[in-house]
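Examining the three-dimensional arrangement
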Amino acid sequence: MAENMDKLHITGNGITVYSISRLREIAETSSPIFVLIHGYPQSNLMFKHVIDRLPKDIPLFIPDIPGYGESTIDASHQKQAYSKREIGRIILDKLYRVAERYAPPGHQKLKIILIGHDRGARIAHRLAVDNDHPTCDIVGAVLIDIVPTAVQFQSLADPGNAAATFHWAFLAAEYPIPEEMITAFGGDKLVEKMMLKWTGDTEAGLARVKEALPVYKNHFLNRAVIDASCADYRAGATVDYAEQFEDQKNGKKLGLPTLVIYSKKYLGSRYDVEKVWKEWISDEGLLRTRGIGNGVGHFIPEEDPDAVTEEVLKWVKEALKLKI
């Protein structure tokens, strides 16, 4: 994944964002920048196999979410600081700091495509609904294996869903209860048990997840990562939920081409994914959904990178009318 890629720790305002990027050629390409944002409990390593399959001339920015992996953010336990809107703003600010040195003279906003999985998809969803960043113009969004945060929490009223996704309530519980319990149990042990539970049953997919598992486990030996991940879920249950509730009440919805990729075995077993997302987009013609079967679980970019890459590139050509 690191071939011809820049590894950077971008610091400022008490925040460090670690990223892998390929932005040196943005002045010579018409392709938007692909911004790939990982989920819980992972890091940007999760996109390794997708990146290896993407055309080499597509500009890329792949951060560790602030607080996860090698990125750091003050664990102030202020819910607003960990909202998807705030974390997304930080990511795009750091992207611009890196990209502006390579952008052509007189450029306007950077054109970007957001591709997020799990928590990263929730960041992408928030940013795409707002699409008001001063330096980045979001032209499309790919959301992998999520329904909107508000829908997820509302579904906890079903006992079966609540049991299957217990971590949503647990991680969002009052500080420092989940943080201390995870630390006592072992953050590395929790990561292993959760990831293997959420992974599907394909031999190749399981092997790729297990290959990266030691890296994810090691990150969760760091108490700051545990704190940040709980703060992430806590913000989801409060700030993010309230914002989405207001969005729906006021008719503020996704207004750009959106591709939703989901696991039939994991998310698709609990939701009618396409029906759910039709309620969250301004024009159904902007929405495309694709269910991935064959036993693939939650970690689709690792379990079936061929399918993810194929679907994203096809959507970019057909829905966005871009030649890449």
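Here's what I pulled together on the structure shown here. Residue positions within a chain follow its written sequence, with the count starting from 1. In view of the model being predicted, local features appear only for residues whose pLDDT reaches at least 70, and side-chain atom pairs are presented and counted only at 80 or more, with totals across whole chains, interfaces and linings using the full set of residues. Side-chain numbers come from the whole structure's heavy atoms, not from hydrogens or water.

**Things to note about the overall build of the protein chain**
- A run of H or I in DSSP becomes a helix once it reaches four residues, and a run of E becomes a strand once it reaches two; helices and strands are each numbered from the N terminus. The secondary structure content of the protein chain amounts to 13 helices and eight strands.
- In terms of its C-alpha atoms, the protein chain occupies a principal-axis envelope of roughly 50 × 45 × 40 Å.
- Looking at the protein chain as a whole, 58% of its 324 residues qualify as buried.
- Intrachain contacts of the protein chain at a sequence separation of at least 6 include 79% that bridge at least 24 residues.
- Methods summary: accessible areas were calculated by the Shrake-Rupley approach with a probe of 1.4 Å, and residue burial reflects only the protein chains presented. Here the protein chain displays about 13,200 Å² of accessible surface, and carbon together with sulfur accounts for 50% of that area. For every residue, the accessible area obtained with a 1.4 Å probe (protein chains only) is divided by the maximum for its type, and the residue is called buried under 20%, exposed over 50%, and partly exposed between those limits. In this analysis, two residues are considered to be in contact whenever any of their non-hydrogen atoms come within 4.5 Å of each other.

**Quick notes on the side chain of His298**
- Within the secondary structure, His298 is located in the loop between β8 (287-292) and α12 (300-303).
- Residues contacting His298, with those up to four places away along its chain left out, are His117, Asp118, Asp145, Trp198, Ser263, Tyr266 and Glu303.

**Points about the packing of helix α2 (residues 84-99) against helix α3 (residues 119-130)**
- Closest axis-to-axis distance for the α2/α3 pair is 9 Å, and the angle between their directions is 85°. When the axes of α2 and α3 are compared, the pair comes out roughly perpendicular. Along its contact with α2, which presents Lys84, Arg85, Ile87, Gly88, Arg89, Ile91 and Leu92, the element α3 presents Arg119, Arg122, Ile123, Arg126, Leu127 and Asp130.
- Residue composition of the contact of α2 with α3, by class: five nonpolar, one polar and seven charged. Here an axis means a line fitted to C-alpha atoms, over the contact stretch when the element is a helix, while the angle between two N-to-C directions is reported on a 0 to 180 degree scale. For classification purposes, an angle smaller than 35 degrees is called roughly parallel, one larger than 145 roughly antiparallel, one from 65 to 115 roughly perpendicular, and anything else oblique. Each residue gets one of three labels, nonpolar for Ala, Val, Leu, Ile, Met, Phe, Trp, Tyr, Cys and Pro, charged for Asp, Glu, Lys and Arg, and polar for the others, Gly among them.

**Regarding the nonpolar core**
- Counting residues in each nonpolar core, the largest one holds 106 residues, and the members touching the most others are Ile33, Phe34, Leu95, Ile112 and Trp277.
- Apart from residues no more than four positions distant in its own chain, Trp277 is found in contact with His125, Leu143, Ile146, Val147, Pro148, Leu254, Val260 and Leu287. Throughout this description, the term nonpolar core refers to a set of buried Ala, Val, Leu, Ile, Met, Phe, Trp, Tyr and Cys residues connected via side-chain atoms within 4.5 Å.

**Examining the packing of aromatic side chains**
- Note on aromatic pairs: the rings of Phe, Tyr and Trp (six-membered ring only in Trp) are paired at centre separations within 6.5 Å, and the planes decide the class, stacked below 30 degrees, edge-to-face beyond 60, tilted for the rest. Scanning all chains against the criterion turns up eight aromatic pairs.
- Measuring from ring centre to ring centre gives 6.3 Å for Phe153 and Tyr241, while their planes differ by 80°; the resulting arrangement is edge-to-face. A residue pair is termed long-range when its members are at least 10 positions apart, and Phe153 in helix α4 (residues 149-154) and Tyr241 in helix α10 (residues 223-250) qualify at 88 residues.
- By relative accessible area, Phe153 is classed as buried at 16%.
- The class of Tyr241 is partly exposed, set by a relative accessible area of 25%.
- An aromatic cluster is present here, built from Tyr40, Tyr68, Phe153, Trp168, Trp198, Phe220, Tyr233, Tyr241 and Phe299 joined pairwise through their rings.
- Placement of a charge over a ring requires the Lys NZ or Arg CZ to be within 6 Å of the ring centre, with the centre-to-atom vector within 35 degrees of the ring normal. Of note, Arg119 hangs over the ring of Tyr233, and the distance from its end group to the ring centre comes to 3.7 Å.

**Concerning the pairing of strand β1 (residues 6-12)**
- Bridge analysis of β1 against strand β2 (residues 15-22) gives seven bridges, and the strand direction is antiparallel. By the bridge assignment for β2, Leu8 is matched with Ser19.
- What sits between β1 and β2 in their antiparallel hairpin is a turn of two residues, with Asn13 showing a positive phi close to 55°. Any two strands with at least two DSSP-identified bridges between them are counted as paired.

**A short note on α10**
- Here the expected length of a helix is defined as 1.5 Å per residue gap, with one fewer gap than residues. Spanning 28 residues, α10 covers 39 Å between terminal C-alpha atoms, matching the ideal 40 Å at 1.5 Å per step.
- Bend, in this description, refers to the angle at a residue between axes fitted to the seven residues ending there and the seven starting there. Its maximal kink placed at Gly236, α10 deviates by approximately 45°.
- If you check the start of α10, you find a side-chain oxygen 2.9 Å away from the backbone N of Ala224, and it comes from Asn222.
- A positive backbone phi angle near 75° is found at Gly251, which sits one or two residues after α10. Throughout this description, a polar contact denotes any pair of N or O atoms lying within 3.5 Å of each other; where both atoms belong to protein, one of them has to be capable of donating a hydrogen while the other can accept it, and for residues adjacent in sequence the pair is counted only when both atoms sit in side chains.

**What about the sheet that holds β8?**
- The eight strands are arranged β1-β2-β4-β3-β5-β6-β7-β8 in an open sheet whose pairing can be described as mixed. The sheet terminates laterally at β1 and β8, the two strands that pair on one side only. Averaged over neighbouring strand pairs, the angle between their axes works out to 25° when direction is ignored.
- Packing against the sheet, α2 makes contact with β1, β2, β3 (33-37), β4 (60-63), β5 (110-117) and β6 (136-144), and its axis sits at approximately 120° to β1.

**Structural notes on the side chain of Asp118**
- Structurally, the position occupied by Asp118 is in the loop between β5 and α3.
- Positive charges come from Lys and Arg alone, negative charges from Asp and Glu alone, with His and the N- and C-terminal ends not counted. For this document, the term salt bridge refers to a Lys or Arg side-chain nitrogen within 4 Å of an Asp or Glu carboxyl oxygen. At 4.7 Å, Arg119 is the nearest oppositely charged side chain to Asp118, a buried residue that forms no salt bridge.
- If near-sequence neighbours (up to four positions away) are discounted, Asp118 is found in contact with Gly39, Tyr40, Ile144, Ile146, Tyr233 and His298.

**Quick look at the packing of α3 against α10**
- Contact geometry of α3 with α10 gives a least axis separation of 12 Å together with a crossing angle of 30°. What the angle tells us is that α3 and α10 run roughly parallel. Crossing angle aside, the handedness with which α3 passes α10 is left-handed. Residues Arg119, His125, Arg126 and Val129 of α3 lie in contact with α10, whose contacting residues are Asp232, Tyr233, Glu243, Gln244 and Asp247.
- A class-by-class count of the residues in the contact of α3 with α10 yields two nonpolar, two polar and five charged. Here a crossing is called left-handed whenever its near helix is offset anticlockwise from the far helix by less than a right angle, and right-handed whenever the offset is clockwise.

**A word on α2**
- Given a rise of 1.5 Å per residue, 16 residues ought to cover 22 Å, and the 22 Å separating the end C-alpha atoms of α2 matches this to within 8%.
- Listed in full, the buried residues belonging to α2 are Lys84, Ile87, Gly88, Ile90, Ile91, Leu92, Lys94, Leu95, Tyr96, Val98 and Ala99.

**Some details on the pairing of β8**
- In the sheet, strand β7 (residues 258-263) pairs with β8 via six bridges, with the strands oriented parallel. The residue bridging Thr258 from the neighbouring strand is Leu287, located in β8.
- Place the viewer so that the strands point away; then a crossover is right-handed whenever the path from the first strand over the helix to the second strand goes clockwise. Handedness of the β-α-β unit built from β7, helix α11 (residues 273-278) and β8 comes out right-handed.

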